[in-house]
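So the chains spell out like this:
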Amino acid sequence: MPQNGEAAADIPMIETRNLTKAFGSKYALRGVDLRVMPGESVVLFGPNGAGKTTLVRILASLSRPSGGSVRIGGLDLSSHADGIRRYLGVVSHAPLLYDSLTAEENLRFFAGLYGLTRAEQRIADMLERVGLYARRADLVRTYSRGMVQRLAIARALLHDPEVLLLDEPDTGLDPQAAEMLHGLLAELSGRSGAAAPQGRRRTILTVTHSLERGLAISNRVIILVNGRVV
């Protein structure tokens, strides 16, 4: 992480303290305290309106909290957001893609933002991994919803981030693609039986409504109800 390479094992990779988020008089988060250690894979369950997406958006620096603090890899997100973002991979309800560009052009753009070396090989590998290599030269606006989600997953993983924040990542995926995704997450979390890439487990926080799939890729469960961890 940003301080000295990988975060120390005893420092939480994700930590929130008394985190709140209000939209007018309505509170989406009410004093959330959360600690996710390096290499942990945590799944977040909760009913609709519990605050799960709001929490992920704040952790991804896509939204600002109303109160409390967020630290990623020991660094305060409010003052180090630009530096921290390169260590995050985010899949949210918005694909964060340009529909007037091809799949290759989208990934090439993000590779440039992250300053990747050997970017073309990495782009080809990720497109192959998510099953889009044959459609790499097609504009994203010609893709189905599931294909857009596959490309969003490739974008999130392109720079091999330390931390993955995944909000319903299998939305729109057919069963085969969903199986591909969860196999990939199991590999990154070290739960597949194979060694994690580069010998290190990524820290993963996943929001999902699928109890079965969530438990399969996680080693800890957090339940959020009415903006509180219960």
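All figures in this text were calculated on a predicted structure; none of them were measured in a lab.

Draft legend 1. Local environment of the overall build of the protein chain. Along the backbone of the protein chain there are seven helices and 10 strands. Relative to the compact-globule value of 17 Å for 230 residues, the protein chain shows a C-alpha radius of gyration of 17 Å, a close match. Principal-axis analysis of the C-alpha atoms gives the protein chain an extent of 45 × 40 × 35 Å. Counting over 230 residues, the protein chain shows a buried share of 50%. A fraction of 70% describes how many contacts in the protein chain between residues 6 or more apart in sequence connect residues 24 or more apart. Summed over its atoms, the accessible surface of the protein chain is roughly 10,900 Å², and 49% of this surface lies on carbon and sulfur atoms.

Draft legend 2. Expanded view of the pattern of salt bridges. Applying the stated criterion across every chain yields a total of 11 salt bridges. Between Arg 129 and Glu 187 there is a salt bridge, with its nearest N and O atoms 2.9 Å apart. Here Arg 129, found in helix α4 (residues 119–129), pairs with Glu 187, found in helix α6 (residues 175–188); they are 58 residues apart in sequence, far enough to count as distant. We classify Arg 129 as partly exposed; its relative accessible area is 37%. Here Arg 135 makes a salt bridge to Asp 138, at a shortest N to O gap of 2.2 Å.

Draft legend 3. Spatial organisation of the environment of Gly 46. With respect to the secondary-structure elements, Gly 46 resides in the loop between β3 (41–45) and α1 (52–59). Overall, the relative accessible area of 17% leaves Gly 46 in the buried class. Each residue touching Gly 46, except ones within four places of it in the same chain, is listed here: Lys 52, His 209 and Leu 224.

Draft legend 4. A look at unusual backbone geometry. Non-glycine residue Asn 18 carries a positive phi angle of around 50°. Along the chain, Asn 18 falls in strand β1 (residues 14–23). One non-glycine residue, Asp 160, lies in positive phi territory at about 55°. Here Asp 160 is to be found in the loop between α5 (145–157) and β7 (163–167).

Draft legend 5. Spatial organisation of the pairing of β1. Examined bridge by bridge, β1 and strand β2 (residues 26–36) share eight bridges and lie antiparallel to one another. Opposite Thr 16, over in β2, you have Leu 34 as the bridge partner. Turn length for the β1-β2 hairpin, with the two strands adjacent in sequence and antiparallel, is two residues, and the turn residue Gly 24 shows positive phi of about 70°. Pairing geometry for β1 and strand β4 (residues 67–72), over five bridges, is antiparallel. Across the sheet, the residue bridging to Glu 15 is Arg 71, located in β4.

Draft legend 6. Representation of the packing of aromatic side chains in the model. On inspection of all chains with the given rule, the structure shows two aromatic pairs. A ring pair is formed by Tyr 98 and Phe 109, whose centres lie 5.3 Å apart and whose planes are at 85°; its orientation type is edge-to-face. Taken together, the residues span a long stretch of sequence, with Tyr 98 in the loop between β6 (88–91) and α3 (103–114) and Phe 109 in helix α3 at a distance of 11 residues. Measuring from ring centre to ring centre gives 5.2 Å for Phe 109 and Phe 110, while their planes differ by 80°; the resulting arrangement is edge-to-face. Judged by relative accessible area, Phe 109 falls into the partly exposed class, the value being 36%. Under the relative-accessibility criterion, Phe 110 is labelled buried at 11%. An aromatic cluster of three or more residues is present, and its members are Tyr 98, Phe 109 and Phe 110. Across the ring face of Tyr 133, the terminal group of Arg 136 is positioned such that the distance to the ring centre comes to 4.0 Å.

Basis of the calculations
- Residues numbered from 1 in each chain as written.
- Predicted model: local features only at pLDDT ≥ 70, side-chain atom pairs only at ≥ 80, totals over all residues.
- Heavy atoms only, no water.
- Helix = DSSP H or I, 4+ residues; strand = E, 2+ residues; numbered from the N terminus.
- Rg over C-alpha atoms; globule rule 2.2 N^0.38 Å.
- Buried < 20%, exposed > 50% of the residue type's maximum accessible area, 1.4 Å probe, protein only.
- Contact = heavy atoms within 4.5 Å.
- Areas by Shrake-Rupley, 256 points an atom, 1.4 Å probe, with all protein chains shown as cover.
- Salt bridge = Lys/Arg side-chain N within 4 Å of Asp/Glu carboxyl O.
- Pairing = 2+ DSSP bridges.
- Phe/Tyr/Trp six-rings, centres within 6.5 Å; stacked < 30°, edge-to-face > 60°.
- Lys NZ or Arg CZ within 6 Å of the ring centre and 35° of its normal.

Keep in mind these values describe shape, not function.
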